[in-house]
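These are the residues of each chain, in order.
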Amino acid sequence: MFRSHLSSFAGLPVLPFTPGIKLPNDPSAVAWRLEVEDFEADPEEFAALVAALRDEVPADAVRALVIGEWGSAYERALPVELLVEAAQRWTSLRAVFLADLVSEQCEISWLTHGDITGLLTAYPSLEALWVRGANELHLTPVRHAGLRELVFQTGGLPGAVVRAVGGCDLPALERLELWLGRSDYGGDTTTDDLAEVLAGTRLPALRRLAVCNAEGADRVAAAVAAAPVVERLDVLDLSKGVLTDAGAEALLAGRPLTHLRRLDLHHHFLSEEAAGRVVAALPGVEVDLSEPQKADVYNGREYRFTAVGE
């Protein structure tokens, strides 16, 4: 999974909040990190931490929040509820990262969130929402005029969530990341589920798209290759997945990609020949082909895995 916590978020340095902390000269110039120490902490402990932030930091100085361990993160969907309750006070909040936890705290596939729709409706000025983990994750399609970044980092992203993203009206969204993951960790997204996202009809400002960490990376590459949304992208990210030569060939056979600034394919299963063809076909494009992988062979069968799973 992930080996260290974020040091910055939404362009701001991350500062852990503790009750009674001496505030920086400009408390709006940091992203406040909220986290309890004990993964078995009672829900009241995290709720008290949120309440202390509300009491001690000026409301207009709470611009970005990074949520760490909230106590049994694998079974309780607590932070969204508390953030929605604080919405009338934190009107300056612009960025939220749910569950910046490392694997030693909780495996990514265990992180539990529940319904995050209320977070978007409660904060119409929110510009960035990052979510790590997808256990019991739910989203209802909404219109949100302010959101610029939407990131789902998962070891298995449900197709229902992807369809809901495609059904959202997000006119300002510039960056979208969907880490699809593996079927044995809940990643049941199909290319049909991706159809609305790849059409891009409700995403007119989209410039950076990641459909990555995909077990079915070859099928994703073929779908992306034919997608209307590709023409407006600056960055396309198909990294961390199980991309093979077949996927690379499908990608090059589709819509032109020479307008891209960057194509991220790192952690791939391409042959040297296929990797060379990708680079040769895209002069002037920054192509990341780092971290080449080899299939594991067991009892005569080949196995390939995404970079992030459990």
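This text follows the structure it describes.
As the structure is a prediction and not an experimental result, all values here were calculated from the model.

Draft legend 1. Just the overall build of the protein, in detail. Helix and strand counts for the protein stand at 8 helices and 14 strands. Its C-alpha radius of gyration of 20 Å places the protein within 12% of the 19 Å reference for a compact globule of 310 residues. For the protein, the spread of C-alpha atoms along the principal axes amounts to about 60 × 45 × 35 Å. Split into buried and exposed, the 310 residues of the protein put 53% on the buried side. Sequence-distant contacts in the protein: of pairs separated by 6 or more residues, those separated by 24 or more amount to 73%.

Draft legend 2. Quick look at a negative patch on the surface. Taken together, the side chains of E37, D38, E40, D42, E44 and E45 make up a negatively charged region of the molecular surface. Among the secondary structure elements, E40 is positioned in the loop between strand 3 (31-34) and helix 1 (43-56).

Draft legend 3. A look at the pattern of salt bridges. Under the counting rule described, the total for this entry stands at 17 salt bridges. Here R202 makes a salt bridge to E196, at a shortest N to O gap of 2.9 Å. By relative accessible area, which is 32% here, R202 ends up partly exposed. Accessibility expressed as a relative area gives 39% for E196, which makes it partly exposed. Among the ionic contacts, a cluster of salt bridges with common partners joins R33, E35, D100 and R132.

Draft legend 4. Local environment of the environment of A134. Among the secondary structure elements, A134 is positioned in the loop between strand 6 (128-132) and strand 7 (149-153). A residue is classified by how much of its surface remains accessible, and A134, at 8% relative accessible area, is buried. As for A134 and D288, which are separated by 154 residues in sequence, their C-alpha atoms are 27 Å apart. Leaving out residues up to four positions away in the same chain, A134 has contacts with I108, L111, T154, G156, L157 and P158.

Draft legend 5. Inspection of helix 7 (residues 245-253) at higher detail. For helix 7, the complete set of buried residues consists of G247, A248 and L251. Across the axial projection of helix 7, the buried residues extend over an arc of 100°, all falling on one side. Turned more than 90 degrees away from the buried face of helix 7, the exposed residues are A246 and A253. Where helix 7 is buried, its residues contact helix 6 (217-225), strand 10 (235-237), strand 11 (262-264) and helix 8 (272-281).

Thresholds applied
- Throughout this description, residue numbers start from 1 for each chain and increase along the sequence as written.
- Residues qualify for local features only when their pLDDT is at least 70, as the model is predicted, and side-chain atom pairs are given and counted only at 80 or more; totals for whole chains, interfaces and linings, by contrast, use all residues.
- For side-chain calculations, the full set of non-hydrogen atoms in the structure is used, while hydrogens and water are omitted.
- Comment: elements are numbered from the N terminus, with helices defined as DSSP H or I runs of at least four residues and strands as E runs of at least two.
- Note that the radius of gyration is over C-alpha atoms, with the globule rule given as 2.2 Å times the number of residues to the power 0.38.
- Residue exposure (1.4 Å probe, protein chains only): buried if accessible area is under 20% of the type maximum, exposed if over 50%, otherwise partly exposed.
- In what follows, residue pairs with any heavy atoms lying within 4.5 Å of each other are defined as contacts.
- Every patch collects residues that have over 30% relative accessible area and no salt bridge, joining them within 9 Å if they carry like charges and within 5 Å if they are nonpolar side chains (Val, Leu, Ile, Met, Phe, Trp, Tyr).
- Using a 1.4 Å probe, accessible areas were evaluated by the Shrake-Rupley method; residue-level cover was limited to the displayed protein chains.
- A pair is scored as a salt bridge if a Lys or Arg side-chain nitrogen falls within 4 Å of a carboxyl oxygen belonging to Asp or Glu.
- Working convention for charge: Lys and Arg count positive, Asp and Glu count negative, and His plus the chain ends are omitted.
- To locate a charge, the coordinates of NZ of Lys, CZ of Arg, CG of Asp or CD of Glu are taken.
- Think of it as the arc spanned by the lines of direction from the helix axis to the C-beta atoms.

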